[in-house]
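Take a look at the letters that make up each chain.
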Amino acid sequence: MSDLTFHDSDGATMSEPIQNEDVVQATLTEAWALFSNDFVLYLIAGLLLLVGSIVSLGLLSGPLLVGFIELVEKRRRGEEGSATDISSGFSKFGASLIASLLIGIGVFIGSLLFVLPGLLFGLAMAFTFNAIASDDESATGAMAKSFSIIKENLALSAVFLVIVLVLSGIGGAVVFGTLLTMPFSLVLMTLVYARLAPTS
């Protein structure tokens, strides 16, 4: 299979791996700028997300996650926002709760099949809550959209998912590390979704 080629502003040919590297670098740079400029905001919002998810035994994790993504989008547009804005996700409670349950069931069933299928299914659903937050998709529509985005952008998606998995591992290995790595990962994936999701 031949390499796809792209052209830069000077007309020079760029291979797909080179273009992907530029996208990864640009997205990481933007994510870090957005996160560092509102460090305290995302730290508190991430803490609320974690506490709310634990206290509710996971039932509120979907709606709060949607609210966090909406907060990132607000700040990216330059609008004012506060950590309590993650409660906005409750306006999409049904879709986010159903998505959480369906993904949980899918991962559980897949994990019974030698773990790997469950992991792959979970990764394929990585943009589900972004689709709910940004495009007001239903639970199943958001899951299908997440799968489609990752399938059509497999190389880029794989790079960003590996980055998020590494950050999660680091966060879990350091005391209170998750409070830093989790909100940054959510900011990053929100920007990735904005770049990869098809526009109408």
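Residues numbered from 1 in each chain as written. Predicted model: local features only at pLDDT ≥ 70, side-chain atom pairs only at ≥ 80, totals over all residues. Heavy atoms only, no water.

Observations concerning the overall build of the protein
Stage number 1. Secondary structure assignment for the protein yields 9 helices and 2 strands.
Stage number 2. When its helices and strands are written in sequence order, the protein yields β-β-α-α-α-α-α-α-α-α-α.
Stage number 3. Whereas a compact globule of 200 residues would reach a radius of gyration of roughly 16 Å, the protein reaches 17 Å, a difference of no more than 12%.
Stage number 4. Its C-alpha atoms give the protein principal-axis dimensions of roughly 55 × 45 × 40 Å.
Stage number 5. Evaluated residue by residue, the protein yields a buried proportion of 40% over its 200 residues. (Helix = DSSP H or I, 4+ residues; strand = E, 2+ residues; numbered from the N terminus. Rg over C-alpha atoms; globule rule 2.2 N^0.38 Å. Buried < 20%, exposed > 50% of the residue type's maximum accessible area, 1.4 Å probe, protein only.)

Brief notes about the layout of surface pockets
Stage number 1. By volume, the largest pocket amounts to about 880 Å³.
Stage number 2. Forming the boundary of the largest pocket are 31 residues, of which Leu65, Ala126, Phe129, Val164 and Leu186 lie nearest the centre.
Stage number 3. Residue contributions to the lining of the largest pocket peak at 7 residues, all from helix α9 (residues 178–196).
Stage number 4. By residue class, the composition of the lining of the largest pocket is 18 nonpolar, 13 polar and no charged. (1 Å grid on protein atoms, 1.4 Å probe; cavity = no way out; pocket = protein on both sides within 12 Å on 5 of 7 lines; lining within 4 Å. Points joined across faces, edges and corners; volume = space filled by probe spheres on them. Nonpolar A, V, L, I, M, F, W, Y, C, P; charged D, E, K, R; others polar.)

Topic: a nonpolar patch on the surface
Stage number 1. Residues Leu101, Ile105, Phe108, Ile109, Leu112, Leu113 and Phe114 make up a contiguous nonpolar surface patch of roughly 820 Å² in combined accessible area.
Stage number 2. Note that Leu101 resides in helix α4 (residues 93–112). (Patch = residues over 30% accessible without salt bridge, like charges linked within 9 Å, V, L, I, M, F, W, Y side chains within 5 Å. Areas by Shrake-Rupley, 256 points an atom, 1.4 Å probe, with all protein chains shown as cover. Salt bridge = Lys/Arg side-chain N within 4 Å of Asp/Glu carboxyl O.)

Side note on the packing of aromatic side chains
Stage number 1. The full count for this structure, using the stated rule, is 8 aromatic pairs.
Stage number 2. Taken together, a centroid distance of 5.9 Å and an interplanar angle of 40° make the contact between Trp32 and Phe35 tilted. Taken together, the residues span about one helical turn, with Trp32 and Phe35 both in helix α1 (residues 16–37) at a distance of 3 residues.
Stage number 3. On the basis of relative accessible area, Phe35 is assigned to the buried category, the value being 3%.
Stage number 4. When the centroid spacing of 5.7 Å and the interplanar angle of 85° are considered together, the rings of Phe35 and Phe39 count as edge-to-face.
Stage number 5. Residue classification places Phe39 among the partly exposed residues on the basis of a relative accessible area of 35%.
Stage number 6. Each member of the aromatic cluster is reached from another via a ring pair, and the members are Trp32, Phe35, Phe39, Tyr42, Phe68 and Phe184. (Phe/Tyr/Trp six-rings, centres within 6.5 Å; stacked < 30°, edge-to-face > 60°.)

So, the packing of helix α2 (residues 39–55) against α9
The angle between the axes and the distance between the axes are what describe a pair of packed helices.
Stage number 1. Here α2 crosses α9 at 100°, and the two axes come no closer than 9 Å. Considering the angle they form, α2 stands roughly perpendicular to α9. Touching Phe39, Tyr42, Leu43, Gly46, Leu47, Leu49 and Leu50 of α2 are Thr178, Leu179, Leu180, Met182, Pro183, Leu186 and Val187, all from α9.
Stage number 2. Its residues placed into classes, the contact of α2 with α9 shows 12 nonpolar, 2 polar and no charged. (Axes fitted to C-alpha atoms, helices over the stretch in contact; angles between N-to-C directions. Parallel < 35°, antiparallel > 145°, perpendicular 65-115°, else oblique. Contact = heavy atoms within 4.5 Å.)

Here we look at unusual backbone geometry
Stage number 1. Even without glycine at this site, Leu57 takes up a positive phi of about 55°.
Stage number 2. Summarising the element assignment, Leu57 is placed in the loop between α2 and α3 (61–76).

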